[in-house]
Amino acid sequence: MSAGEIDLLPGERVLWAGEPVQRPLYVAADGVIAPAGLILAVAALWFLLAKQPSGGAMAGAVVVLVIGLYGAVGRSALRYLALGRTTYAVTDSRIIARSGLFRQKERASELAGLSAPVLKPGPSRTGTITFGSGAVTLMGVGEPKRVRDLLVKAIDEAKARQAPPETGTSAA
C-alpha cells in the first residue's frame, strides 16, 4: 500500500507500508477447524452414499458436507488467496489493513488503543504481528522485528499524545 492509496486523517503521516511476503496456508486455529471440518465432510459423505437420503435429509447432509469442506480446506485456501491482495500501513495514529479476495475491505485500529505487539516468527524471516482480539493482524510480514519495533515506538508515542498533560504542583 503506498501512501497515495491511504485516506489519511488531517496531519497523519505514514511510518511504514508493506504487504505479506509470505502467505501461510495454515494458521494455528486451522489445527482444530480443519480436522473438525474433515470429520464433518466424511460423515456427511458417508451419510449421503450409505443411506441415500431424500428430501430434507439430503439437503441437510449436503449443507453439512459443504460446511465441512469449507472448514477442512476452503477457509485456508480463501485466506491464502486474499493475502495475495492484502496491503498494510502504519501511520503515526493508526494501523491499517486492506484486504479481500473479491472486494477490498479496509480495517483500521487506533494505535493508542492497542496493547503491545506480539511477534510470532514465521518461515524465511517473516512473521505475524498481533495486538489482541479485535485489532488488525499483520500476517506474513517481512522484517517483522523491525516492523514490531516501529509499532512499539508508534504505540508509545500515540499513547503519550493522548495522555492528559501532567500538572505540576507548586509549593508556596
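In this report, we go over the structure that sits alongside the text.

About the thresholds
- Here the residue numbering is sequential within each chain, running from 1 through the sequence in written order.
- In keeping with the predicted nature of the model, local features appear solely for residues at pLDDT of at least 70, side-chain atom pairs appear and are counted solely at 80 or more, and the whole-chain, interface and lining totals rest on all residues.
- Hydrogen atoms and water are omitted, and side-chain values are computed over all heavy atoms in the structure.
- Here the term buried applies to any residue with accessible area under 20% of the maximum for its type, exposed to any over 50%, and partly exposed to those in between, with areas from a 1.4 Å probe on protein chains only.
- Numbered from the N terminus, helices here are DSSP runs of H or I no shorter than four residues, and strands are runs of E no shorter than two.
- Strands are treated as partners if at least two bridges between them are detected by DSSP.
- Each patch is built from salt-bridge-free residues with over 30% relative accessible area, joining like charges within 9 Å and nonpolar side chains (Val, Leu, Ile, Met, Phe, Trp, Tyr) within 5 Å.
- Residue exposure ignores everything except the shown protein chains as possible cover, and the areas themselves are Shrake-Rupley values with a 1.4 Å probe.
- Salt bridges are defined by distance alone: a side-chain nitrogen of Lys or Arg within 4 Å of a carboxyl oxygen of Asp or Glu.
- Here an angle of 0 to 180 degrees is reported between the N-to-C directions of two axes, which are lines fitted to C-alpha atoms, with helices fitted over the stretch in contact.
- Orientation is classified from the angle alone, with under 35 degrees giving roughly parallel, over 145 giving roughly antiparallel, 65 to 115 giving roughly perpendicular, and any other angle giving oblique.
- Helix crossings fall into two classes, left-handed where the near helix is turned counterclockwise from the far one by less than a right angle and right-handed where it is turned clockwise.
- In this classification, Asp, Glu, Lys and Arg are treated as charged, Ala, Val, Leu, Ile, Met, Phe, Trp, Tyr, Cys and Pro as nonpolar, and every other residue, Gly included, as polar.
- Buried Ala, Val, Leu, Ile, Met, Phe, Trp, Tyr and Cys residues that are joined via side-chain atoms within 4.5 Å together make up what is termed a nonpolar core.
- Note on contacts: a residue pair is in contact if any heavy atoms of the two residues lie within 4.5 Å.

1. Observations concerning the pairing of strand β2 (residues 87–91)
Step number 1: With respect to burial, β2 is a largely interior element, 5 of its 5 residues being buried.
Step number 2: In terms of strand pairing, strand β1 (residues 14–18) meets β2 through 4 bridges, oriented antiparallel. Of the residues in β2, the one forming a bridge with Gly18 is Tyr88.

2. Brief notes about a nonpolar patch on the surface
Step number 1: A cluster of nonpolar side chains, Leu25, Tyr26, Tyr70, Val73, Leu78, Tyr80 and Leu81, forms an exposed patch at the surface whose accessible area comes to about 640 Å².
Step number 2: For Val73, the location among the structural elements is in helix α2 (residues 56–83).

3. Regarding the packing of helix α1 (residues 30–51) against α2
Step number 1: Relative orientation of the contacting elements α1 and α2 amounts to 150°, with a least axis distance of 8 Å. As far as their axial angle goes, α2 and α1 are roughly antiparallel. Judged by the twist between their axes, the crossing of α1 over α2 is left-handed.
Step number 2: Grouping the amino acids of the contact of α1 with α2 by side-chain chemistry returns 18 nonpolar, 4 polar and 3 charged.

4. As for the nonpolar core
It is characteristic of soluble globular proteins that their nonpolar side chains tend to be buried jointly.
Step number 1: Among the nonpolar cores identified, the biggest contains 22 residues, and Tyr88, Ile95, Leu111, Phe131, Leu138 and Leu151 are the most heavily contacted of them.
Step number 2: Going through the elements one at a time, β2, β3 (94–99), β7 (138–142) and α3 (144–162) are the ones with two or more residues in this core.
Step number 3: In terms of residues, this core owes the most to one element, α3, which gives 5 residues.
Step number 4: Setting aside anything within four residues of it in sequence, one finds Phe131 in contact with Ile95, Leu114, Ser115, Ala116, Pro117, Val136, Leu151 and Ile155.
Step number 5: Ala41, Ala44, Leu48 and Ala61 belong to the second-largest nonpolar core, a separate cluster that totals 5 residues.

5. Things to note about the pattern of salt bridges
Opposite charge on two side chains lets them pair, provided their charged atoms get close.
Step number 1: Tallied over the full model, the rule gives 7 salt bridges.
Step number 2: A salt bridge links Glu12 to Arg94; the shortest N-O distance between them is 2.9 Å. Here the residue Glu12 occupies a position in the segment before β1, and Arg94 occupies one in strand β3, the gap between them amounting to 82 residues.
Step number 3: Note that Arg98 and Glu106 form a salt bridge whose closest N and O atoms lie 2.7 Å from each other.
Step number 4: We classify Arg98 as buried; its relative accessible area is 15%.

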